[in-house]
Amino acid sequence: MLINKRLIAFGRPEEVLTDEVIKSVYGPMAKVIPIGGKVYCITGDFHVHVGGERI
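Even without being glycine, N4 reaches a positive phi, approximately 50°. Residue placement: N4 occurs in the loop between strand 1 (2-3) and strand 2 (6-7). Relative accessible area serves as the criterion here: at 75%, N4 is assigned to the exposed category. One non-glycine residue, K5, lies in positive phi territory at about 65°.

Structure (C-alpha cells):
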C-alpha cells in the first residue's frame, strides 16, 4: 500500500487491508468491512448538513 509515494504496508490484501493499517492512514473513523470474500474500506468522510451549512 502506497500513500503519497510512501510505503505504508506490503503483503497480501488480507494482511494489508486491516483496521489497524487503514486507521493509521485515514484516521480513527476509517473501517474495514469484509463481505463475501472482498474487503471494503470506509474512510470516514462524514459530515452533517444542517440548514444547508456544513458543520
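In this structure, strand 3 (residues 31-35) lies alongside strand 4 (residues 38-42), joined through 5 bridges in antiparallel fashion. Looking across to strand 4, one finds that K31 is bridged to I42. Following strand 3, the chain reverses through 2 residues before pairing antiparallel with strand 4; G36 in that reversal takes a positive phi of roughly 55°.

With that out of the way, let us pick up the pattern of salt bridges. Should the charged atoms of two oppositely charged side chains come close, the side chains can pair. One pass over the full model with this rule turns up 2 salt bridges. The residue E14 makes a salt bridge to R12 at a minimum N-O spacing of 2.7 Å. E15 is the partner of R12 in a salt bridge, and the nearest nitrogen-oxygen pair spans 3.6 Å. When salt bridges with common partners are traced through the structure, they connect R12, E14 and E15 into a single cluster.

The rules we used
Within any chain, residue numbers begin from 1 and follow the written order of that chain's sequence. For a predicted model such as this one, the threshold for reporting local features is a pLDDT of at least 70, and the threshold for listing and counting side-chain atom pairs is 80 or more; totals across whole chains, interfaces and linings nevertheless cover every residue. Note: side-chain values were computed over all heavy atoms of the structure, leaving out hydrogens and water. A helix here means a DSSP run of H or I that spans at least four residues, while a strand means a run of E at least two residues long, and both kinds are numbered starting from the N terminus. Burial classes follow relative accessibility: with a 1.4 Å probe on protein chains only, a residue under 20% of its type's maximum area counts as buried, one over 50% as exposed, and anything between as partly exposed. Two strands pair if DSSP finds at least two bridges between them. Definition used for salt bridges: Asp or Glu carboxyl oxygen within 4 Å of a side-chain nitrogen of Lys or Arg.

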